Amino acid sequence: MSTKAIKIEESWKKMLSEEFEKDYFKQLVARLKSDKSKGKIIYPKGNHIFKAFELTPFNKVKVVIIGQDPYHNPGEAMGLCFSVPQGIRVPPSLKNIYKEMHQDIGFHIPNHGDLSSWAQNGVLLLNSILTVQHRSPGSHRKYGWQKFTDAVIQTLSKHKKGLVFLLWGNYAKSKKALIDTESHYILDSPHPSPLARGGFFNNRHFSQTNRILEEQNKMPIDWQIN
């Protein structure tokens, strides 16, 4: 399988070209094709698997938010962690993110959960696992996606400077070892899920992120969603 077969934004294709040629990635693609041939329903749809990369090219990345795997119900997954298309009920974790933003930066809470504007502003909304089977959370955790997205994090760490990594929950925090803390900033907290019993609140990550960016003479993130 050649990199030409991978439909991913060009700057990312260049940075990750060696990864696409590795055996684990070829096996991952073969497994997904096999699942589809057997009639299994996989989310997100094929042209949205690499949506985070499409909306946030490599040279535009300023902030990285790391999620786990896509939503597993119909119509929810769109290739951006924590995000759902307009018209889909806002998930509980995202509701809590919105609440924290309202308290932190006076964010006006929208009536939808589409975070595409964040991605277009330089926030890479990266799930560690990029696909999932219908109504089967974590079903693709052994497919090899973590090797790929770990390589994404390491590539960002090596070739960029001054990124802000937002690590929410223990799973995201486990990625700290992939990040050069001399070159980048890490803000961590409990997960925004209601299961974290409010531990996410008052972390002020959104105002802190913009302060860090401004100290580097970078444009802050426009967090407001219309």
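Look up: the structure comes first, before these words.
Residues numbered from 1 in each chain as written. Predicted model: local features only at pLDDT ≥ 70, side-chain atom pairs only at ≥ 80, totals over all residues. Heavy atoms only, no water.

Chemist: Break down the environment of Lys51 for me, with residues and values.
Modeler: Inspection of the secondary structure assignment puts Lys51 in helix 4 (residues 51-55). Separated by 31 residues in sequence, Lys51 and Phe20 have C-alpha atoms that sit 17 Å apart. Among residues more than four places away in sequence, those in contact with Lys51 are Met78, Gly79 and Leu80. (Helix = DSSP H or I, 4+ residues; strand = E, 2+ residues; numbered from the N terminus. Contact = heavy atoms within 4.5 Å.)

Chemist: Break down the pattern of salt bridges for me, with residues and values.
Modeler: With the rule as written, the count across this model stands at 7 salt bridges. Between Lys22 and Glu19 there is a salt bridge, and its shortest N-O distance comes to 3.2 Å. Salt-bridge contacts for Lys176 lead to Asp188; the nearest nitrogen and oxygen are separated by 2.5 Å. Taken together, the residues span a long stretch of sequence, with Lys176 in the loop between helix 8 (170-173) and strand 6 (185-189) and Asp188 in strand 6 at a distance of 12 residues. (Salt bridge = Lys/Arg side-chain N within 4 Å of Asp/Glu carboxyl O.)

Chemist: How would you summarise the nonpolar core if you had to cite specific residues and measurements?
Modeler: Residues Trp12, Phe50, Phe53, Trp118, Trp145 and Phe148 are the most contacted members of the largest nonpolar core, which totals 65 residues. When neighbours within four sequence positions are excluded, Trp12 is seen to be in contact with Phe53, Thr56, Pro57, Phe58, Val61, Leu124, Val152 and Leu156. (Core = buried A, V, L, I, M, F, W, Y, C linked by side-chain atoms within 4.5 Å. Buried < 20%, exposed > 50% of the residue type's maximum accessible area, 1.4 Å probe, protein only.)

Chemist: Which residues make up the pairing of strand 5 (residues 164-168), and what are the values?
Modeler: Counting buried residues in strand 5 gives 5 out of 5 residues, a clear majority hidden from the surface. Every second residue of strand 5 is oriented toward a common face, with Val164, Leu166 and Trp168 on one face and Phe165 and Leu167 on the other, all of them buried. Inspection of the sheet shows strand 2 (residues 63-67) paired to strand 5 by 3 bridges, in the parallel sense. The residue bridging Ile65 from the neighbouring strand is Leu166, located in strand 5. (Pairing = 2+ DSSP bridges.)

Remember, this is a structural readout, not a statement about activity or role.
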